[in-house]
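Letter by letter, the chains look like this.
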Amino acid sequence: MKVSRVAAAGALAATVAVTLGLSASASALPTTAAAAAHHPAQNPLDRSLRDLAARAGLRIGTAVDANALATDATYARHVGDDFNMVTAENAMKWESIEPQRGVYTWEQADALVDFARTHGQLVRGHTLIWHNQNPAWLTNGTFTTEELRAILKNHIFTVLRHFKGRISAWDVANEVIDDSGQLRNTFWLQRLGPGYIADAFRWAHQADPRTVLFINDYNVEGINAKSTAYYNLVRDLRRQRVPIHGFGIQGHLDVQYGFPGDVQANIQRFARLGMKTALTEVDVRITLPVDATEGTSQAFAYSSLLTACLLERSCISYTVWGFTDKYSWVPGVFTGQGAANLLDENFAPKPAYTAVQQTLALAGAIGPRG
Ligand code: XIL
C-alpha cells in the first residue's frame, strides 16, 4: 500500500512536468488522429474529462451559465459531455433565487438540476450566505436582529428543502474570512454577530441532513494567514459539534502570482480535522494578450491543483469556474485579464485542457481512488 501510494505521488507529480514539456513544444505533440491510430483505446486525448475522472475516482465539475445553457447548444453539449458535476454560476445565489422577500424564482436553478439528472451529474449548491449578489430588500431592509435571523433561517430551509435529495453538496458560507484572517466585516457579521456561521450550518443540516456542507473561499489554496484562520474556525466549529463537513478551495489563480507549492499539505490539514475538501471554482487568468509561456504556466496551475486533489482522498471534486473563455466572468471583473478557462472562445482546447486530460489519465491508470 505504502509503496503504491508513493509511486502514485511520484507519477502524478511527474505528469506535471510531462504536460509542461508537451505544451511547450506543440510540434512534438502527436496529432490526436495519429496517436489514436497507434493506440486506439489508450489515447487519453480522445477521452472526455468525465470519462477520465470517473476512471480516477474523482468528480469533475464546471460552473454553468444558465443563459448559455438555454441558448447555446455547443455550450450545453460540452457541459454534458465533459463533466459529471455542475454548479450554478449565479442561479442559486440569493438575488437570483429570492429576489423579493418570500418570492422564489426557481426556473433557472431547476433547469440546471434537471439537466444534471438527465446527464448523470451531481450538483453543488452555491451559495447560501455571501456578502455579494444579495437583493436590495435584504441588505437595505430595516430588520431587527431577530427578524434577520428568521429571514436567513427561512431562506436556508426553503432552498434546501426545495432541492432536497438533488444537491449533493452546498456552499453554506462563502468568503466569510478576509485576507488578513479576520471574520469578514459583512452585513451578516454586523447584524447577526459571529454566531451566524454556526447557525447557518445547523439550519442547513436540519433542512437536508444528507447534503455535504461546505465553507468556501479564495486565496486559501496554500497555507497562509487566511487558510489558517479557516483551519482554526473549522476546528472550533467541529469541537462545538457544528455540522460542517467540507472545506472548499475556490482556486481562482493568476499566472503572474505563481503557484503555491503547499496545496496538498493544506488539504491534508483539513482532512485531519475530519473534513472533506474540494476545488470548487478553478480558473487561471492571464494578463492579455496571452503568450506561450503564460499558456504553459496556466496548464501547470490547472494540473497542479488537480494533482493535489487527486493525491488526497478527502478531495471529492474538482470544479472549474466555467470551461470556455466565451462566457468567462474574468474580463468583466479583472481589467485587462482573461483567457482563464480550459477552452478558448471557440471551444478549442488550450494546453490547460490537455494537461487536465493527461493528469486524470495518469491517475486513472494508477487506479481509482478509495
Ligand atoms: C461570479 C460569477 O462568475 C459572475 O457571473 C458574477 O457576476 C459574479 O460572481 N467567487 C464566487 C463566485 O464564489 O460565486 C463568483 O462568481 C466568483 C468568485
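Residues numbered from 1 in each chain as written. Predicted model: local features only at pLDDT ≥ 70, side-chain atom pairs only at ≥ 80, totals over all residues. Heavy atoms only, no water.

Caption draft 1: Geometry of the pairing of strand S9 (residues 315–320). Of all the six residues making up S9, five are buried; the element is thus mostly covered by neighbouring parts of the structure. Two strands pair when backbone bridges link them, and strand S1 (residues 59–64) and S9 are joined in this way by four bridges, in the parallel orientation. Bridge pairing in S9 places arginine 59 opposite serine 317. With three bridges joining them, strand S8 (residues 276–287) and S9 adopt parallel strand pairing. Bridge assignment links valine 282 to a residue of S9, and that residue is valine 320. One crossover worth recording links S8 to the parallel S9 by way of helix H14 (residues 292–311), and it is right-handed. (Buried < 20%, exposed > 50% of the residue type's maximum accessible area, 1.4 Å probe, protein only. Helix = DSSP H or I, 4+ residues; strand = E, 2+ residues; numbered from the N terminus. Pairing = 2+ DSSP bridges. Right-handed = clockwise from strand over helix to strand, strands pointing away.)

Caption draft 2: Representation of helix H12 (residues 225–239) in the model. Under the 1.5 Å per step criterion, the end-to-end length of H12 is 21 Å for 15 residues, consistent within 8% with the ideal 21 Å. If you check which residues of H12 are buried, you get Lys226, Ser227, Ala229, Tyr230, Tyr231, Leu233, Val234 and Leu237. Taken together, the buried residues of H12 touch helix H11 (196–207), strand S5 (212–217), strand S6 (246–249) and helix H13 (263–272). Residue asparagine 224 occupies the N-cap position of H12, its side-chain oxygen lying 3.0 Å from the main-chain nitrogen of lysine 226. (Expected span 1.5 Å × (residues − 1). Contact = heavy atoms within 4.5 Å. Polar contact = N/O pair within 3.5 Å; in protein donor to acceptor, adjacent residues only side chain to side chain.)

Caption draft 3: Molecular detail of the state of the cysteines. All told, the structure shown has one disulfide when counted by the stated rule. Shown here is the disulfide that connects cysteine 309 with cysteine 315, its sulfur atoms set 2.0 Å apart. In this structure the cystine formed by cysteine 309 and cysteine 315 twists about its S-S bond by roughly -95 degrees; its chirality is therefore left-handed. Its relative accessible area of 0% is what places cysteine 309 among the buried residues. (Disulfide = S-S within 2.5 Å.)

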